[in-house]
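# Secondary and tertiary structure notes
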Amino acid sequence: MSAPSYPEKASGTVSGKVSGKVSGTVPGYGDLVESSPDALLVVAEDGTIRMVNAAAERMFGYARAELVGSDHRILLAEGYRNGLQRLFFNLRRDAHLHGAPDVDADAADADTAPVEAYGLRRDGTEFQAEVAGSIFITGTVNAAVTGTATGEGTGHGTGHGTVSMIAAVRDTSHRPENDDSLREAMSLLSATLESTADGILVVSSAGEIAGVNNQFLTMWGIPREMLATGDDEAVMGFVLDQLRDPAKFVEKVEALYADPAAESHDNLEFRDGRTFERYSRPQKVADQVVGRVWSFRDVTAAKVAQDRITRAMADLAEQSAQLTALAFRDGLTGLSNRQLFNDRLASALAGPRGTAVDVLLLDLDDFKEVNDILGHHAGDQMLIEVGRRLRACVRPNDVVARLGGDEFVVLLVNSPEPETVAARIVDSLRVPVWIDGTMLRPSLSLGVASINGDAVDASELLRRADVAMYAAKSAGKNRYMRFRPEMMKTLVDRNDLEAGLRLAVDNGQIAVHYQPIVSAVRGTVTKVEALARWVRDGVLVPPQHFIPAAERSGLIVEIGTEVLLRGCTELKPWLLEDASRSLAVNVSGVQLQHGDFAELVLAVTESCGVDPRQLVLEVTESVFFDDDCHVIQQLTSLRTAGVLVALDDFGTGFSSLGRLQGLPVDTLKIDQSFVAMINTGTEQLPILNAMVGMAHGLGLTVTAEGVETAAQAGYLMNLDCDSLQGFLFSGPQPETALQPALDRAARAIAALRGDRVPGNR
Ligand code: C2E
Ligand code: MG
Ligand code: MG
């Protein structure tokens, strides 16, 4: 089969009817072309119109100048725009393959046959047309084409030249077989195909591309020219190049072609990150599979959104896992927290009968002082270190929790020797703890409570451990004790004490006793210390018992105010006699925390008519180590009003001489434990010397507490201690017995001054 050529071989498609322009002589080729009733167009390989005849101008309603140089597709209705290019390619291919042994001549004829199309006029109207084409070569010609249009010879072979196509377009609207409804259906189909967002590709059973919509080309980025070449392999290569897993795609395609009736669906991942959803279904004509329709949908945005959601969900799950973990951890020590401990204890108690459950509750001894004196950072470091040591004392699966503050708890389930663990824990603090260069020797008190088959619930078990822990503290701290039922009494007593104290405060049963303080220099009583007294059911409750209970319950605020008020009221006459006399009142740190403490004190002195300069407030050193400056401010403003401040019990706890400087105090009261060190009065006690010397150096006066013997008084007087207080002079007495006490004290100091033995340092 040879490729059609114009005009000789195109006779089958170009009507022989000559219309209009008739020349009297034998017409030249140009005349023939011009007078052809069919529109003739010379179209270049890239689709550009090179030449047209007069019929083309008439048929399409364009001037020749408008057509030449334009893309031929402007002359074709939508849905038919690629037809001509395809025909062109087929013609070309046939021209080159002509004579080749493996050419399917029938197939070649079929795809170079004239095509049915719809032309598009300049005014937008469409008309049915038939387009026949033939190849037309200029330049070196060795093609299997008769170059009649250029007058070149016929021949076979190979060569190069500019290949164009002559397209003969015939308006076939007049044909009776023109089927409007078919056309309408075609147009609808084509419009539908072009308006869908899916890319559609139809492949014949022979594996050739039978059709595509524009969206398909856009989605895959396939150049229209490439498609026009009909080189399906090139198209396939182009497609595969873009895929992340081309082998898998090829495998799918092969599987589908092996099973023409199959339908399939999957996602294609692109190298550039896009994702297409792919559907493939057989194309059938009257139940006969004639090809396969592939449709592709770009689901990248949906996939990205989906991925994001999946990732967000995963992040959320991770965060919630972290939060859950955090919810059960103690933030400072990393140990379990109370909630986790409670959960574990509950499940241990719900375990099989006979499960041994031991709770070891512990609390650091005097931890508050570490916090107060060394600061919260040191306190935190201490708790972290204790947590670390506790963990090292137990098995990996035992729960060690921090319940809050300096309180820890260990849960042992089926531990063979809980008491050994308790002893090991107490022992673990024997090795000193170093914090910020300071060596500390903390200790702890631990209570053990266990169940072994008997029905005890979680809160009761903890209560028992708590009672045992308090018993350990009362027994001298730094030890563990196992719960015994008798210990409950202590707890009951403690609660009873607080309840009784509440009543006593409400009923005005807190009394005040007064203890004289003598001036070693002046040899007279210059001060009286007011001390709270509680007689309960005829028995005197020692302040060391009820003051801590009052501080725990907050009752100390009311008690302190009561003592101050009574002291001022009862001592007023004595104070008025001599302006150099003063009344000393003890003040707890709890009272100083109250914002209006200073105002309250001044209101009391004013209402009682006592000069604030005759009032001494005794505080312990620990009140100064709270983080806020509130306490300092309160005391400073009181001192501004003339009130004096004494540092009570100096030398106990974490007292340090170095810290004295800068504190708003006037007097140092040396704790009785130091005075008790003086036995004969001839011993060397450099610490006492240092205390008095340092206090004087800082401009403070010194009072020694607990002076019981003349030797002690003599020793202290030789140290130039300013004032002395103790049973040697007088114990605390009620107001009714104060005068004899004052007289006794005055006599005692006078006698001492007379007996004074010098040179006893
Ligand atoms: P403190 O302020 O150091 O009071 C001195 C304590 O030593 C008093 O004990 C007193 O009776 C006792 N004492 C006095 N001379 C001697 C002596 O020669 N030998 C011995 N062994 N002891 C002597 P008291 O009255 O039992 O008070 C104990 C502590 O209770 C007081 O120590 C004080 O810290 C506190 N306290 C007492 N009354 C109050 C109060 O109204 N408010 C506050 N916040 N604390 C108070
Ligand atoms: Mg005191
Ligand atoms: Mg004291």
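### Observations regarding the overall build of the protein chain
Within the protein chain, the regular secondary structure consists of 26 helices and 27 strands. Of all 761 residues assigned to the protein chain, the portion counted as buried reaches 44%. With the model as given, the accessible surface of the protein chain reaches about 37,300 Å², and the carbon-plus-sulfur share is 54%.

### Examining the coordination of the magnesium ion (ligand 2)
At this site the magnesium ion (ligand 2) is bound by Glu 529 (OE), Asn 586 (OD1), Glu 618 (OE) and Asp 648 (OD), with donor distances of 2.0 to 2.2 Å. The metal-metal distance between the magnesium ion (ligand 2) and the magnesium ion (ligand 3) is 4.1 Å, with Asp 648 serving as a donor to both. Of this pair, Glu 529 sits in strand β19 (residues 524–536) while Asn 586 sits in strand β21 (residues 582–586), and the two are 57 residues apart along the sequence. Residue Glu 529 is classed as buried on the basis of its relative accessible area of 3%. Of the residues examined, Asn 586 reaches a relative accessible area of 28% and is grouped as partly exposed.

### Focus on the coordination of the magnesium ion (ligand 3)
Taken together, Asp 648 (OD), Asp 649 (OD), Glu 705 (OE) and Glu 705 (OE) make up the protein donors of the magnesium ion (ligand 3), found 2.0 to 2.6 Å from the metal. Each donor residue of the magnesium ion (ligand 3) belongs to the same chain, and together they define the spacing D-D-x55-E.

### A look at unusual backbone geometry
The backbone of Lys 477 sits at a positive phi, close to 65°, despite the residue not being glycine. Counting through the fold element by element, Lys 477 comes out in the loop between α16 (458–474) and β17 (479–482). With a relative accessible area of 28%, Lys 477 lands in the partly exposed category. A positive phi is found at Asp 720, a non-glycine position, where the angle reads about 70°.

### Quick notes on the pattern of salt bridges
Side chains that differ in charge, positive against negative, can pair when their charged atoms come close. Summed over the entire model, instances satisfying the criterion amount to 38 salt bridges. We note a salt bridge from Asp 71 to Arg 73, for which the minimum N-O separation is 3.1 Å. What makes Asp 71 partly exposed here is its relative accessible area of 28%. For Arg 73, a relative accessible area of 17% translates into the label buried.

### A short note on helix α15 (residues 418–428)
Along α15, the residues that are buried comprise Pro 418, Val 421, Ala 422, Ile 425, Val 426 and Ser 428. The arc enclosing the buried residues of α15, seen along the axis, measures out at 160°, which places them on a common side.

### Here we look at the packing of helix α9 (residues 232–241) against helix α10 (residues 246–258)
One can describe the packing of α9 onto α10 by two numbers: an axis separation of 9 Å at closest approach and a directional angle of 135°. Taken together, the axis directions place α9 and α10 in an arrangement best described as oblique. Between α9 and α10 lies a crossing of right-handed hand. Here Met 236, Val 239 and Leu 240 of α9 come into contact with α10, specifically with Pro 246, Phe 249, Val 250 and Val 253. Split by residue class, the contact of α9 with α10 holds 7 nonpolar, no polar and no charged.

### Re the site of ligand 1
Every one of the 23 residues lining ligand 1 counts as a neighbour, but Asn 586, Asp 648, Glu 705, Glu 708 and Phe 727 are closest to it. With respect to ligand 1, the backbone of Ala 532 contributes an N or O atom lying 3.0 Å from a nitrogen atom. Contact with the protein chains covers 85% of the free accessible surface of ligand 1, which is 790 Å². Residue assignment for the shell around ligand 1 shows that the elements contributing at least two residues are β19, α18 (543–553), α19 (556–577) and β23 (644–650). Counting residues per element, the shell around ligand 1 draws most heavily on β19, which supplies 4 residues. Grouping the amino acids of the shell around ligand 1 by side-chain chemistry returns 9 nonpolar, 7 polar and 7 charged.

### Observations concerning α9
Residues of α9 that are buried include every one of Asp 232, Val 235, Val 239 and Leu 240, and no others. Buried residues of α9, viewed axially, fall in a sector of 135°; they line one side. With respect to the buried face of α9, the exposed residues turned more than 90 degrees away are Glu 233 and Asp 241. Among the structural elements, β7 (209–212), α7 (214–220), α8 (224–228) and α10 are those in contact with the buried residues of α9.

### Some remarks on the packing of aromatic side chains
The tally for this structure, following the rule as stated, stands at 11 aromatic pairs. Ring geometry for Trp 534 against Phe 546: centres 5.9 Å apart, planes inclined by 85°, an arrangement best described as edge-to-face. With Trp 534 in strand β19 and Phe 546 in helix α18, this pair connects stretches of sequence that are 12 residues apart. A relative accessible area of 1% places Trp 534 in the buried class. Of note, Arg 292 hangs over the ring of Tyr 257, and the distance from its end group to the ring centre comes to 5.9 Å.

### A word on the environment of Lys 572
Relative to the elements of secondary structure, Lys 572 occurs in helix α19. If we skip the residues at most four places from it in the chain, Lys 572 touches Gly 567, Cys 608, Gly 609 and Val 610.

### A look at the sheet that holds strand β16 (residues 444–452)
The strand order β12-β13-β11-β16-β17 describes an open sheet built from 5 strands, whose pairing is mixed. Looking at the sheet topology across the chains shown, the edges are occupied by β12 (399–404) and β17. On average, each strand axis in the sheet is inclined to that of its neighbour by 20°, with strand direction left out of account. Bridge count for β16 against β17 is 4 bridges, and the pairing is parallel. Looking at the pairing, Val 448 lines up with Arg 482 of β17. Against the sheet, helix α12 (residues 338–349) makes contact with β11 (356–364), β12, β13 (407–413) and β16, and its axis sits at roughly 25° relative to β13, the strand it touches most. Of the strands in this sheet, β11, β13, β16 and β17 touch α16, which is tilted by about 145° from β16.

### Overview of the sheet that holds strand β8 (residues 264–269)
Spatial ordering of the open sheet is given by β7-β6-β10-β9-β8, a layout of 5 strands whose pairing is antiparallel. In the strand order of this sheet, the two ends are held by β7 and β8, each with one partner. This sheet shows a mean twist of 25° between the axes of neighbouring strands, independent of strand direction. Relative to strand β10 (residues 288–298), strand β9 (residues 275–285) is paired through 10 bridges, and the arrangement is antiparallel. Bridging from a neighbouring strand, Arg 278 pairs with Phe 296 of β10. In this fold α10 packs onto β6 (199–204), β8, β9 and β10, with an angle of close to 150° to the strand it touches most, β10.

Criteria and cut-off values
Residues numbered from 1 in each chain as written. Chains lettered and ligands numbered in written order. Predicted model: local features only at pLDDT ≥ 70, side-chain atom pairs only at ≥ 80, totals over all residues. Heavy atoms only, no water. Helix = DSSP H or I, 4+ residues; strand = E, 2+ residues; numbered from the N terminus. Buried < 20%, exposed > 50% of the residue type's maximum accessible area, 1.4 Å probe, protein only. Areas by Shrake-Rupley, 256 points an atom, 1.4 Å probe, with all protein chains shown as cover. Donors = N, O, S within 2.8 Å, 3.2 Å for Na, K, Ca; no water. Salt bridge = Lys/Arg side-chain N within 4 Å of Asp/Glu carboxyl O. Arc of directions from axis to C-beta. Axes fitted to C-alpha atoms, helices over the stretch in contact; angles between N-to-C directions. Parallel < 35°, antiparallel > 145°, perpendicular 65-115°, else oblique. Left-handed = near helix turned anticlockwise from the far one by under 90°. Contact = heavy atoms within 4.5 Å. Nonpolar A, V, L, I, M, F, W, Y, C, P; charged D, E, K, R; others polar. Near = heavy atom within 4 Å. Polar contact = N/O pair within 3.5 Å; in protein donor to acceptor, adjacent residues only side chain to side chain. Phe/Tyr/Trp six-rings, centres within 6.5 Å; stacked < 30°, edge-to-face > 60°. Lys NZ or Arg CZ within 6 Å of the ring centre and 35° of its normal. Pairing = 2+ DSSP bridges.

All quantities given are derived from atomic positions and should not be read as evidence of function.
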